[in-house]
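# Structural overview
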Amino acid sequence: CEGEPPCVYCTKKRQKCVPQAADPKTDTVFINTCAASLSQKCDDPASFGKRKISRLPDPTPKLYLTVPLDDSALFVGHFFSGFLAANQFGGTLDIDTIVSQFQSSASLYQVSIAVGALDISNKSGRTRIERSEAKLGALNAYRICVVTLRNEISNREIKQSDACLWTTFFLGLFELMYDDTGEGFVKHFLHGTSKILQLRGPGAHLEGTGRSFFLTVRVLEICRALIYSNYSEPTFLCQNDWVEVTKRIWDAIEDLHPKEHLFDLMVCCSSLSDRVGYALETSSNITSTDLHSILEQFASEGLSLRLSLDEWHRTFQEWILSDDNPSDAGQSILANLYFHAISIFLSGIFDYRFEFNHLVAPRLLENQIQYHVSSILLETEIALRTTDLAGVLYFFPLRVAGARITSREEGAAIVAMLEKISWRSFIVAGAFVSDLKTVWLKKGLRNEFKAQK
């Protein structure tokens, strides 16, 4: 939570607001190295140091104020050669900047340990004890990282620090790998990465290391705004100064992948959805005539976005067949996935609101929606087999497709893909399975979707 309770996030989520403790004091952590205690689960990484772990009389537990050096080297090595190598976030990751900042930032060093260790703990090739030790190491490093980051933010000129940005980015990924609700990720992104980006301002991300970070994190910020649109804050990317700096970045890049322009349209769709929702929530404050006029404008804007999406898709297909098409198939598959997903999303802005029933709006016919659903399932299945796209990038298209399926087989396919993503790294995929099963039950579909072996 951020600010005085109740905060904006918890109010929209309709949950009890419990502000984060301001005291940065680190409690000691007792780790029992015997197999019995290593198997215990810590539900909340932020409270790991405050949790009492039962200790057996033999062997004597060791006090770890930091992760042991040998384990740290293993976890950091896996972070770079294992986790980052196996998770592509829609473009080229700025490894040089991460390495250089990692060498001077204690928080970035600790979060690399945390993510590397947590990823190892999820690998089936390790023994149970090795996975348990790795998980405890991950939680310990996470706790140290959060405290260290607070100190760095207090003592550094935040506008000049790329390290703090990367630290909050990887802390958000850690939450997606550990917290099966997704709420920790949203809070880290809203009150960490997003806030620092805005504090630095658009100009700090026009070129150099600032631009490389912006291009990496942009797609996750867009997905956050689209997936959690019902109770999270709108994206800052739709603000005029950020739209303008994005256009300037595109003008400066010669080999720009077409997906970036699709992301621009996704930002517009997210903004439209937020404004439609707000207008209807506050409709009691305006006359019916004024509301009708506002809704007509929204419908017209939606139709314009539909035309822009169709035009983007036409030019993208031409680009695919041209000599300018690069060899990185992952980015093009991601572009296709997001085109199908945002096409359904745009229609959904108007499909589920009776206020638009008598207006011309960019609704899709049912056969068109099912075409997009089938395409998402096919493209995702191919991408999971043939690319290194990070699992977090699939959540938006699979969630959108899942809300529109019409058969048990489609549901089973989505569950199987989400379970594969969870098994690989991102445990939060389970929250999407649970959410979709609730949606399917309301639609009258049987709630017995299981991954087909």
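Everything that follows concerns the structure shown earlier in this document.
This section reports on the structure supplied with the text. Since this is a predicted model, take the numbers as computed values, not measurements. Sequence positions are assigned chain by chain, starting from 1 and proceeding in written order. This being a predicted model, a pLDDT of at least 70 is required before a residue's local features are given, and a value of 80 or more before pairs of side-chain atoms are given or counted; all residues contribute to the totals for chains, interfaces and linings. Neither water nor hydrogens contribute to the side-chain values; these are computed over all heavy atoms in the structure.

Before going further, it helps to spend a moment on the overall build of the protein chain. For the protein chain, the helix and strand inventory stands at 17 helices and 2 strands. Each residue is placed in one exposure class: buried if its accessible area under a 1.4 Å probe, protein chains only, is under 20% of its type's maximum, exposed if it is over 50%, and partly exposed if it falls in between. With 453 residues in all, the protein chain has 52% of them scored as buried. Here a residue-residue contact requires only that any non-hydrogen atoms of the pair lie within 4.5 Å. Counting contacts in the protein chain only where the partners sit at least 6 residues apart, residues at least 24 apart contribute 75% of the total. Using a 1.4 Å probe, accessible areas were evaluated by the Shrake-Rupley method; residue-level cover was limited to the displayed protein chains. Element-wise, carbon and sulfur atoms account for 52% of the exposed surface of the protein chain, whose accessible area totals about 21,400 Å². In DSSP terms, a helix is any run of H or I states spanning at least four residues, a strand is any run of E spanning at least two, and both are numbered starting from the N terminus.

We count a salt bridge whenever a side-chain nitrogen from Lys or Arg sits within 4 Å of a carboxyl oxygen from Asp or Glu. The final tally for this structure, using the stated rule, is 12 salt bridges. For aspartate 119, the salt bridge is made with lysine 123, and the minimal N-O distance between the two is 3.7 Å. Classification of aspartate 119 as buried rests on a relative accessible area of 2%. Glutamate 260 is the partner of arginine 218 in a salt bridge, and the nearest nitrogen-oxygen pair spans 2.8 Å. Residue arginine 218 is found in helix α9 (residues 208-227), and its partner glutamate 260 is found in helix α11 (residues 259-281); the two are separated by 42 residues along the sequence. The network of salt bridges with shared partners includes Arg218, Lys259, Glu260 and Asp264.

Bringing the nonpolar core into the picture now. Residues Phe169, Phe170, Tyr338, Leu418 and Phe426 are the most contacted members of the largest nonpolar core, which totals 127 residues. Examining the composition of this core, we find that 13 residues originate from one element, helix α13 (residues 329-351), more than from any other. The contact partners of tyrosine 338, leaving out residues within four places of it in the chain, are Val219, Cys223, Leu262, Phe263, Met266, Leu393 and Pro397. We define a nonpolar core as any set of buried Ala, Val, Leu, Ile, Met, Phe, Trp, Tyr and Cys residues linked to one another through side-chain atoms lying within 4.5 Å.

We now examine the side chain of threonine 235. With respect to the secondary-structure elements, threonine 235 resides in the loop between α9 and α10 (240-252). The class for threonine 235 is buried, based on a relative accessible area of 4%. Here a polar contact is taken to be a pair of N or O atoms separated by no more than 3.5 Å, where protein atoms must pair a possible hydrogen donor with a possible acceptor and residues adjacent in sequence count only if both atoms sit in side chains. In this structure the side chain of threonine 235 is engaged in a polar contact, spanning 2.8 Å, whose partner is the side chain of glutamate 221. For threonine 235, the side chain forms a polar contact with the main-chain nitrogen of leucine 237, separated by 3.1 Å.

Time to look at the packing of aromatic side chains. We call Phe, Tyr and Trp rings a pair once their centres come within 6.5 Å, taking the six-membered ring for Trp, and we label the pair stacked below 30 degrees between planes, edge-to-face above 60, and tilted otherwise. Taken as a whole, this structure holds 24 aromatic pairs when the rule is applied. Centroid distance phenylalanine 236 to tryptophan 242: 4.9 Å. Interplanar angle 70°. Geometry classified as edge-to-face. For the pair formed by phenylalanine 236 and tryptophan 242, the shared burial category is buried. Summarising the aromatic geometry, the rings of phenylalanine 263 and tyrosine 338 are spaced 5.9 Å apart at their centres and angled 50° between planes, so their arrangement reads as tilted. Of this pair, phenylalanine 263 sits in helix α11 while tyrosine 338 is found in helix α13, placing the two residues 75 residues apart along the sequence. Tyrosine 338 shares its class with phenylalanine 263; the two are buried. Site record: aromatic cluster; members linked through ring pairs are Phe79, Phe80, Phe83, Phe89, Phe102, Tyr109, Trp166, Phe169, Phe170, Phe213 and Phe426.

Here we come to the packing of helix α4 (residues 95-102) against helix α5 (residues 106-121). One way to put it is that α4 packs onto α5 with a least axis distance of 8 Å and a crossing angle of 115°. Classified by the angle between their axes, α4 and α5 sit roughly perpendicular to one another. From α4, Ile98, Gln101 and Phe102 reach across to α5, where they touch Leu108, Tyr109 and Ser112. Partitioned by chemical class, the residues of the contact of α4 with α5 number 4 nonpolar, 2 polar and no charged. For every element, the axis is a line fit to its C-alpha atoms; helices are fit only across the contacting stretch, and the angle between N-to-C directions ranges from 0 to 180 degrees. Orientation categories follow fixed angle ranges, with anything under 35 degrees roughly parallel, anything over 145 roughly antiparallel, 65 to 115 roughly perpendicular, and all other angles oblique. Under the scheme applied here, ten amino acids are nonpolar (Ala, Val, Leu, Ile, Met, Phe, Trp, Tyr, Cys and Pro), four are charged (Asp, Glu, Lys and Arg), and all others, including Gly, are polar.

Here we come to α11. By this rule the span expected of a helix is its residue count minus one, scaled by 1.5 Å. With 23 residues, α11 extends 33 Å between its outermost C-alpha atoms, agreeing within 8% with the 33 Å of an ideal straight helix rising 1.5 Å per residue. Burial analysis of α11 places 17 of its 23 residues in the buried class, which makes it a mostly covered element.

On to the state of the cysteines, then. Note on terminology: disulfide denotes any pair of cysteine sulfur atoms within 2.5 Å. Tallied over the full model, the rule gives 0 disulfides. Here cysteine 268 stays free of any disulfide, with the sulfur of cysteine 269 as its closest cysteine sulfur at 6.9 Å. The exposure class assigned to cysteine 268 is partly exposed, which follows from its relative accessible area of 36%. With relative accessibility at 0%, the residue cysteine 269 sits in the buried group.

Structurally, the position occupied by glutamate 410 is in helix α16 (residues 408-424). Within the buried set, glutamate 410 has no salt-bridge partner at all; the shortest N-O distance to an opposite charge, 7.6 Å, is to lysine 443. Apart from the residues within four sequence positions on either side, glutamate 410 is in contact with Gln370, Val373, Ser374, Leu377 and Ile405. For this count, His and the chain ends are skipped, Lys and Arg are scored as positive, and Asp and Glu as negative.

So, on to the environment of histidine 188. Assignment of secondary structure puts histidine 188 in helix α8 (residues 183-200). According to the relative accessible area criterion, histidine 188 is buried, its value standing at 17%. Along the primary structure histidine 188 and threonine 168 are separated by 20 residues, whereas in three dimensions their C-alpha atoms are 6.6 Å apart. In contact with histidine 188, other than residues within four places in its own chain, are Tyr142, Leu171, Gly172, Glu175 and Thr193.

Our next topic: the packing of helix α7 (residues 162-178) against α9. Helices that pack against each other are described as a pair by the angle of their axes relative to one another and the distance between those axes. Relative to each other, α7 and α9 sit at 20°, their axes nearing to 11 Å. Between α7 and α9, the interaxial angle falls into the category roughly parallel. α7 and α9 meet at a crossing whose hand is left-handed. Contacts from Asp162, Leu165, Trp166, Phe169 and Leu173 of α7 reach α9 at Thr209, Phe213, Thr216, Val217 and Leu220. Each crossing gets its handedness from the near helix: less than a right angle anticlockwise from the far helix is left-handed, clockwise is right-handed.

Before going further, it helps to examine the environment of aspartate 388. Tracing the backbone through its elements, the reader meets aspartate 388 in the loop between α14 (366-386) and α15 (395-402). For aspartate 388, a relative accessible area of 46% puts it in the partly exposed group. Each C-alpha atom, one on aspartate 388 and one on glutamine 88, is 5.5 Å from the other, the two residues being 300 residues apart in sequence. Dropping the residues within four chain positions of it, aspartate 388 is found in contact with Ala85, Ala86, Asn87 and Gln88.

By themselves, these observations are geometric and do not establish any function.
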